[in-house]
Amino acid sequence: MVVTTSWYLALAAVLFSMGAVGLLTRRNPLIMIMCVELMLNAVNLTFVSLGTELGDLGGQLSVFFVLVVAASEVVVGLAVVVAIMRRRQGATVDDLSVLRG
Amino acid sequence: MDAAVFLISAAIVLAGAGGVLVARSPVHAALFLVQTLFGVSVLFVLQDATFLAAIQVIVYAGAVVILFLFVIMLLGVDRFEDLGVEPIVGQRPVAALIGASLLGMLLIALLVSVDGPTGAHGANAALGDAADNTRRLGEALFTDYVFAVELTAILLTIAVIGAVVLARKVRGPLAPLPVVVASTTSEDPEAGDGPTDTTDGHDAGEDT
């Protein structure tokens with residue numbers, strides 16, 4: 001059996017969908033950020049697979065920048081979670097409906 | 001050989017993702033996330049993206065997940081949550097439906113509708129062999145993409161400053177956010193799930 005690019009793309013699609021389902025079902029903000037990480041990893045896998053398929057370094061370069069943006073996103077997201085949790089211990093994302101206008 | 005490595009890694013990746021979805025404790029979810037990240041890293045090695053595999057382990061598993069665990073422990077939210085309750089009725093079936101349709105659309109878009117990727121081969125920079133991977137990435141990043149690298153440096157600086165500003169302890173009457181949150185929750189008893197206005201001195205500016 002030869003591993004083709006389609007295998008990687010299918011795996012990335014499944015991983016992305018699982019992350020999306022987790023984002024829709026979980027209420028803990030920390031786990032929701034983890035699900036976003038899952039989706040970003042699926043996209044990274046797609047970038048690398050298509051870059052390998054095309055013999056192009058651009059896919060791996062994109063993954064590099066995605067990594068940086070993901071790290072920044074986690075840092076700011078966790079800071080927001082810390083700021084909210086400090087005021088309301090054990091808050092879920094449902095409780096944040098108080099932020100509506 | 002490649003197929004065996006791929007199948008084992010894919011099983012690890014999907015098991016970790018499923019664990020993140022159903023873990024009752026945030027700590028367990030973070031550890032399942034590490035499992036998924038390691039599996040993806042193995043897949044990167046399998047595709048000769050050795051530098052990204054190392055970065056994946058160091059930055060994601062080493063830094064990001066540690067940050068998650070640090071925040072979990074700092075906040076003391078490392079307790080089990082009850083997944084049996086479903087606060088919004090019908091949310092999970094709808095989410096499963098959306099996920100399944102998303103998966104279907106992605107599979108169609110990625111596998112069926114196009115006959116392979118249609119981009120120009122090696123348009124930006126040629127992909128070398130695995131031993132040459134890091135050098136080629138570095139050369140491309142610091143020649144063709146140096147402006148983007150500088151922008152990400154600025155982004156990281158902004159993120160660090162933003163995190164410090166957001167997460168620092170605010171004292172005295174210059175704290176606008178606690179006043180808003182506390183007054184809103186005290187007016188709306190349905191939205192609250194516990195005492196909120198007795199935290200450590202954040203409501204000092206409430207009377208002013």
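Now for a look at the structure at hand. (Residues numbered from 1 in each chain as written. Chains lettered and ligands numbered in written order. Predicted model: local features only at pLDDT ≥ 70, side-chain atom pairs only at ≥ 80, totals over all residues.)

Considering the overall build of chain B
- If you tally the helices and strands in chain B, you get 7 helices and 0 strands.
- Counted from the first residue to the last, chain B has its helices and strands arranged as α-α-α-α-α-α-α.
- Residue burial in chain B is summarised as follows: out of 208 residues, 24% are buried.
- Here the analysis covers contacts within chain B between residues at least 6 apart in sequence; of these, 56% occur between residues at least 24 apart. (Helix = DSSP H or I, 4+ residues; strand = E, 2+ residues; numbered from the N terminus. Buried ≥ 20, exposed ≤ 12 C-beta atoms within 10 Å, placed from the backbone. Contact = placed C-beta atoms within 7 Å.)

Section: the overall build of chain A
- On a plain count of helices and strands, chain A comes out with 3 helices and 0 strands.
- Counting from the amino terminus, helix and strand elements in chain A follow one another as α-α-α.
- Over its C-alpha atoms chain A spans a radius of gyration of 17 Å, topping by over 25% the 13 Å that the globule rule assigns to 101 residues.
- If one aligns the C-alpha atoms of chain A with their principal axes, the spans along those axes are about 55 × 25 × 25 Å.
- Within chain A, the proportion of its 101 residues that are buried is 57%.
- Counted over contacts in chain A with a minimum sequence separation of 6, partners at least 24 positions apart contribute 46%. (Rg over C-alpha atoms; globule rule 2.2 N^0.38 Å.)

With respect to helix α1 (residues 2–22) of chain B
- For α1 of chain B, with 21 residues, the first-to-last C-alpha span of 30 Å sits near the 30 Å given by 1.5 Å per residue.
- Buried within α1 of chain B we find Phe-6, Ser-9, Ala-10, Val-13, Gly-16, Ala-17, Val-20 and Leu-21 of chain B. Projection of α1 of chain B onto a plane perpendicular to its axis shows the buried side chains occupying an angular sector of 145 degrees, all on one side. Facing away from the buried side of α1 of chain B by more than 90 degrees, the exposed set consists of Ala-4, Ile-8 and Ala-11 of chain B.
- Where α1 of chain B is buried, its residues touch α1 (5–25) and α2 (29–54) of chain A together with α2 (26–46) of chain B. (Expected span 1.5 Å × (residues − 1). Arc of directions from axis to C-beta.)

Quick word on the packing of helix α3 (residues 58–87) of chain A against helix α5 (residues 133–143) of chain B
- In the contact formed by α3 of chain A and α5 of chain B, the axes pass within 10 Å of each other and the chain directions differ by 70 degrees. When the interaxial angle is binned, α3 of chain A and α5 of chain B end up roughly perpendicular. Crossing geometry of α3 of chain A relative to α5 of chain B is assigned as right-handed. Seen from α3 of chain A, the contacting residues are Gln-60, Leu-61 and Phe-64 of chain A; seen from α5 of chain B, they are Leu-137, Ala-140 and Leu-141 of chain B.
- Within the contact of α3 of chain A with α5 of chain B, the residues separate by chemical class into 5 nonpolar, 1 polar and no charged. (Axes fitted to C-alpha atoms, helices over the stretch in contact; angles between N-to-C directions. Parallel < 35°, antiparallel > 145°, perpendicular 65-115°, else oblique. Left-handed = near helix turned anticlockwise from the far one by under 90°. Nonpolar A, V, L, I, M, F, W, Y, C, P; charged D, E, K, R; others polar.)

Examining the interface of chain B and chain A
- Counting from both sides, the interface comprises 83 residues of chain B and, opposite them, 70 residues of chain A.
- Sorting the residues of the side of chain B that touches chain A by element identifies α1, α2, α3 (50–75), α4 (91–112), α5, α6 (146–167) and α7 (176–187) of chain B as the ones contributing at least two each.
- Sorting elements by how many residues they give to the side of chain B that touches chain A places α4 of chain B first, with 12 residues.
- Across the side of chain B that touches chain A, the residue classes tally to 59 nonpolar, 17 polar and 7 charged.

Notes on the environment of Val-81 of chain A
- Looking at the secondary structure, you find Val-81 of chain A in helix α3.
- The buried category is assigned to Val-81 of chain A, around which 24 C-beta atoms lie within 10 Å.
- Along the backbone, Val-81 of chain A and Val-63 of chain A are 18 residues apart, and their C-alpha atoms lie at a distance of 26 Å.
- Ignoring anything within four residues of it in the chain, the contact list for Val-81 of chain A reads Pro-29 and Leu-30 of chain A together with Val-71 of chain B.

Here's the deal with the environment of Val-34 of chain B
- With respect to the helices and strands, the residue Val-34 of chain B is situated in helix α2.
- Sequence spacing of Val-34 of chain B and Val-64 of chain B is 30 residues, and the spatial spacing of their C-alpha atoms is 9.6 Å.

Digging into the nonpolar core
- Counting 72 residues, the largest nonpolar core has Ala-12, Leu-15, Met-34 and Leu-38 of chain A together with Val-20 of chain B as the members making the most contacts within it.
- Of all the elements in the fold, those that place two or more residues in this core are α1, α2 and α3 of chain A together with α1, α2, α3, α4 and α6 of chain B.
- The element that contributes the greatest number of residues to this core is α2 of chain A, accounting for 15 residues.
- Residue contacts for Met-34 of chain A: discarding those within four places in its chain leaves Val-20, Ala-29, Ala-30, Leu-33 and Phe-68 of chain B. (Core = buried A, V, L, I, M, F, W, Y, C linked by C-beta atoms within 7 Å.)

Details of unusual backbone geometry
- We note that Asp-48 of chain B has phi near 65 degrees; this positive angle belongs to a residue other than glycine.
- Within the fold, Asp-48 of chain B resides in the loop between α2 and α3.

Considering α2 of chain A
Residue and element names in this part refer to chain A.
- With 26 residues, α2 extends 38 Å from end C-alpha to end C-alpha; this agrees with the ideal 38 Å at 1.5 Å per step.
- For α2, the tally of buried residues reaches 23 of 26 residues, placing the bulk of the element in the interior.
- At the C-terminal side of α2, Gly-55 shows a positive phi close to 60 degrees.

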